[in-house]
Amino acid sequence: MKILVTGGAGYIGSHTVKMLGRKRHEILTVDNLSTGHREAVLFGGFEKGDIRDRAFLDRVFPAFRPEALIHFAASAVVPESVENPLLYWENNISGTVTLLQAAVRHQVRMAVFSSSAAVYGEPERVPITEDHPQRPANPYGMTKLVGEQILADCDQAYGLKSVSLRYFNAAGVDPEGELGEDREVETHLIPVVLKAAARVKSGKAAGPEHSRGGGAVVRIFGSDYPTPDGTCVRDYIHVNDLAQAHILALEWLSRERRSEVFNLGNGRGYSVRQVVEAARRVTGVRIPSRDEPRRPGDPAELVAGSEKIQKVLGWKAVIPELEKIIATSWGYFSKTAG
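Residues numbered from 1 in each chain as written. Predicted model: local features only at pLDDT ≥ 70, side-chain atom pairs only at ≥ 80, totals over all residues. Heavy atoms only, no water.

*Asks:* Could you give me a rundown of empty space enclosed by the protein, with the residues and numbers involved?
*Replies:* Summed over all chains, the structure comprises one cavity of 30 Å³ or more. The computed volume of the largest cavity comes to approximately 40 Å³. Taken together, His 71, Ala 73, Ala 74, Asn 92, Thr 96, Phe 113, Thr 143 and Lys 144 form the lining of the largest cavity. When residues of the lining of the largest cavity are traced back to their parent elements, those giving at least two are helix H4 (85-105) and helix H5 (139-158). Looking at the lining of the largest cavity residue by residue, the classes come out as three nonpolar, four polar and one charged. (1 Å grid on protein atoms, 1.4 Å probe; cavity = no way out; pocket = protein on both sides within 12 Å on 5 of 7 lines; lining within 4 Å. Points joined across faces, edges and corners; volume = space filled by probe spheres on them. Helix = DSSP H or I, 4+ residues; strand = E, 2+ residues; numbered from the N terminus. Nonpolar A, V, L, I, M, F, W, Y, C, P; charged D, E, K, R; others polar.)

*Asks:* So what's going on with the packing of helix H8 (residues 272-283) against helix H10 (residues 322-336)? Residues and values would help.
*Replies:* Here H8 crosses H10 at 60 degrees, and the two axes come no closer than 9 Å. Taken together, the axes of H8 and H10 are oblique relative to one another. The way H8 lies across H10 gives a crossing that is right-handed. Of H10, the residues touching H8 (which contributes Gln 274, Val 275, Ala 278, Ala 279, Arg 281, Val 282 and Thr 283) are Leu 322, Glu 323, Ile 326, Ala 327 and Trp 330. Across the contact of H8 with H10, the residue classes tally to eight nonpolar, two polar and two charged. (Axes fitted to C-alpha atoms, helices over the stretch in contact; angles between N-to-C directions. Parallel < 35°, antiparallel > 145°, perpendicular 65-115°, else oblique. Left-handed = near helix turned anticlockwise from the far one by under 90°. Contact = heavy atoms within 4.5 Å.)

*Asks:* Before we move on, could you go through the pattern of salt bridges and cite the residues and values that matter?
*Replies:* Inspection of the entire model under this criterion finds 24 salt bridges. Salt-bridge contacts for Glu 47 lead to Arg 59; the nearest nitrogen and oxygen are separated by 3.5 Å. Highlighted residues: Glu 47 in strand S3 (residues 45-48) and Arg 59 in helix H2 (residues 54-64), separated in sequence by twelve residues. The partly exposed category is assigned to Arg 59, whose relative accessible area is 46%. Where Glu 321 meets Lys 324, a salt bridge forms, and the shortest distance between an N and an O atom there is 3.9 Å. One continuous salt-bridge network, built from bridges that share partners, spans Lys 18, Arg 22, Asp 174, Glu 176 and Glu 178. (Salt bridge = Lys/Arg side-chain N within 4 Å of Asp/Glu carboxyl O. Buried < 20%, exposed > 50% of the residue type's maximum accessible area, 1.4 Å probe, protein only.)

The analysis is restricted to geometry; functional conclusions fall outside its scope.
Below you can see the structure in the form of structure tokens.
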């Protein structure tokens, strides 16, 4: 299948491109490299450009003639979305509209959309199933919910069938060591914790801290949530398991030709403190932490109900255990952090 992947130089996108390439799909990655890395695109062609650029898309689409679209390209940092919501509406909504306009003009019939559990906001119940009310608690989650609605409208109006995958917390890296997780300013918990462990292990305990952390002390935002230990609870899913779900979604779309929405998580939640403790066990490092006030826009608990994707797509996590997920990342961060 000929697949155009937006944001394929990013963390989840690059792992998906590798898996698609291994399955011998023909791939073209489109990425503006604002956060992605060209060297992370291991298979297929590459075009540097922005999905908000209509002229760029009208050059790329007819030249490649994709049958399907996987859309990762987006701004995706919750605190930043609260501080700068217009950036998120511009990148995530204007970008998606311009991209889908090009897809419709050039007769693409299938799309897989990188959505988020952030569409649910503060949950009424856990685990969260797809029919749970969607009340995003931050602009990032709202842009993902609007993106899903845009795709539903495109199905009705143009016959563009889509699968929206509502990710919970992506984690881990390529077990083969070819890909990693590299952001200029890190906010994801597991890489922050592992970078801190690497700094302690290397003796570079003093250092600047950015967002959640960048030095050797892990900052825990919020210790008074209504959870067993007072810290946020999240469902962590290995990035390769996420990538596999995109391929299964495309295969299902090509057979069934109807649109759907699926949660994508392991169905088990871990608190921030539990993640830090698991990382201490995996790394053998006494990683220091300190409690700080809550960040705006962070729900207390997000845990997936993933029965639907397992039943309909036949998806099953290959690396569901938290310590194994962390272990896939530790070798990478112990070499690159510091």
